Amino acid sequence: MREVRLRFAKQGRLKYISHLDINRAMGRAFKRAQIPLWYTEGFNPHPYMCFSLPLSLGVESLCESVDIRLIDDISNEEIKSKMNSVLPDDLRILDVYDDFRDSGEIAYSDYVFKFQFADNELALEKIKAVLESNEILALKKGKQGKRRILKETDIKAFIDKYSVSTRKDIIVLNIRLLAGADKNLNPSLLFDTIIRLIDMDYDWKSIERISLLDKDYKEFK
């Protein structure tokens, strides 16, 4: 038995499907591509698949990964080729490799946020002010007894570094967020918080995860 990791991109329209749907899509693709997967034992056997860090709904990514176990000989290049022949265009296998690290080593995620407003100059000023402030209060869902409430939570400490600028007609925010098992920040929550605090409607936006890093800022693979 051999264990390998598939690195893949999730882009375009597929950013709107959930992690569970990606799990199902991958399972069906492995079957169509006739990849010799190892199945769990027991009453309800299913193919072993382990995803490193589930992606938020509505976010694109260039650095998703899933680990599988193989029961027959097949080259990594053949796995990549067979999978890409059955997957949709917005879900592509970028690499397949044997030597990989434990997902518990993930500490940071790098994202690119892109915004467009009717007044980009004013929006840029306000976004900078939010990010430079001593605290950034997000509204997170919580419970008080049996009631669901919104709690204010300071997410400033979850931002490691950032840069923001205007390129052509788009505001681009490059930002590094905590992404470990204990401390992590949902990029969609950050986006919603920024929009709420600047009190401006956006015309267009996109969020893309471009890399995962360990605690020493080395690329996680």
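Residues numbered from 1 in each chain as written. Predicted model: local features only at pLDDT ≥ 70, side-chain atom pairs only at ≥ 80, totals over all residues. Heavy atoms only, no water.

Student: Which residues make up the environment of Lys143, and what are the values?
Tutor: Mapping Lys143 onto the fold places it in strand E6 (residues 137-144). Residue Lys143 is classed as exposed on the basis of its relative accessible area, which comes to 52%. If we ignore the near neighbours within four places in the chain, the residues touching Lys143 are Arg148, Ile149 and Lys151. (Helix = DSSP H or I, 4+ residues; strand = E, 2+ residues; numbered from the N terminus. Buried < 20%, exposed > 50% of the residue type's maximum accessible area, 1.4 Å probe, protein only. Contact = heavy atoms within 4.5 Å.)

Student: Tell me about the state of the cysteines, and please be specific about residues and values.
Tutor: Across all of its chains, the model carries zero disulfides by this definition. Of all cysteine sulfurs in the structure, the one in Cys63 sits closest to Cys50, which takes part in no disulfide; the separation is 16 Å. When its relative accessible area of 30% is taken as the criterion, Cys50 is described as partly exposed. (Disulfide = S-S within 2.5 Å.)

Student: With reference to specific residues and values, describe empty space enclosed by the protein.
Tutor: The full count for this structure, using the stated rule, is two cavities of 30 Å³ or more. The space that makes up the largest cavity amounts to roughly 60 Å³. Contributing to the lining of the largest cavity are Phe8, Lys10, His19, Ile22, Phe51, Leu53, Pro54, Leu55 and Glu64. At the level of elements, strand E1 (2-10) and helix H1 (19-32) are the ones that each hand at least two residues to the lining of the largest cavity. Looking at the lining of the largest cavity residue by residue, the class counts come to six nonpolar, one polar and two charged. Its boundaries defined by the atoms lining it, the second largest cavity holds a volume of some 40 Å³. (1 Å grid on protein atoms, 1.4 Å probe; cavity = no way out; pocket = protein on both sides within 12 Å on 5 of 7 lines; lining within 4 Å. Points joined across faces, edges and corners; volume = space filled by probe spheres on them. Nonpolar A, V, L, I, M, F, W, Y, C, P; charged D, E, K, R; others polar.)

Student: Account for the nonpolar core, naming residues and giving values.
Tutor: Core analysis: the largest hydrophobic core is formed by 29 residues, its most contacted members being Phe113, Phe115, Phe117, Ile127, Ile175 and Leu190. If you list the elements that add at least two residues to this core, you get strand E5 (108-117), helix H3 (120-132), strand E8 (159-167), strand E9 (170-178) and helix H4 (187-198). Per-element tally for this core: the top contributor is H4, with six residues. Excluding its chain neighbours within four sequence positions, the residues that come into contact with Phe117 are Ala123, Ile127, Ile171, Ile195, Ile198, Met200, Asp201, Tyr202 and Asp203. Counting residues in hydrophobic clusters, the runner-up holds 23 residues, among them Phe8, Met26, Ile35 and Met49. (Core = buried A, V, L, I, M, F, W, Y, C linked by side-chain atoms within 4.5 Å.)

Student: Talk me through the pairing of strand E3 (residues 60-70); I want residue IDs and the actual numbers.
Tutor: Of all 11 residues that make up E3, nine are buried, and the element is covered over most of its length. Inspection of the sheet shows E1 paired to E3 by eight bridges, in the antiparallel sense. Within E3, the residue paired with Leu6 across the bridge is Val66. Bridge count between strand E2 (residues 49-51) and E3: three bridges; the pairing is antiparallel. By the bridge assignment, Phe51 is partnered in E3 with Val66. Relative to strand E10 (residues 202-213), E3 is paired through two bridges, and the arrangement is parallel. Bridging from a neighbouring strand, Glu60 pairs with Glu208 of E10. (Pairing = 2+ DSSP bridges.)

Student: Can you tell me about unusual backbone geometry, naming the residues and giving the values?
Tutor: Of note in this structure, Gln34 is not a glycine but carries a positive phi near 60 degrees. Judged by relative accessible area, Gln34 falls into the exposed class, the value being 64%. Even without glycine at this site, Lys168 takes up a positive phi of about 55 degrees. Take Lys168: its relative accessible area is 82%, and that puts it in the exposed class.

Student: Pulling in residues and values, what's your account of H4?
Tutor: Two residues of an α-helix separated by three or four positions point the same way, owing to the 3.6 residues in each turn. Here H4 is 12 residues long and its end C-alpha atoms lie 17 Å apart, about the 16 Å a rise of 1.5 Å per residue gives. Most of H4 sits out of view: nine of its 12 residues are buried. Taken together, the buried positions of H4 are occupied by Pro187, Ser188, Leu189, Leu190, Phe191, Thr193, Ile194, Ile195 and Ile198. For H4, the capping residue at the N-terminal end is Asn186, with a side-chain oxygen 2.8 Å from the backbone nitrogen of Ser188. Count one or two residues on from H4 and you reach Asp199, which has phi positive near 55 degrees. (Expected span 1.5 Å × (residues − 1). Polar contact = N/O pair within 3.5 Å; in protein donor to acceptor, adjacent residues only side chain to side chain.)

Structural measurements only, silent on function.
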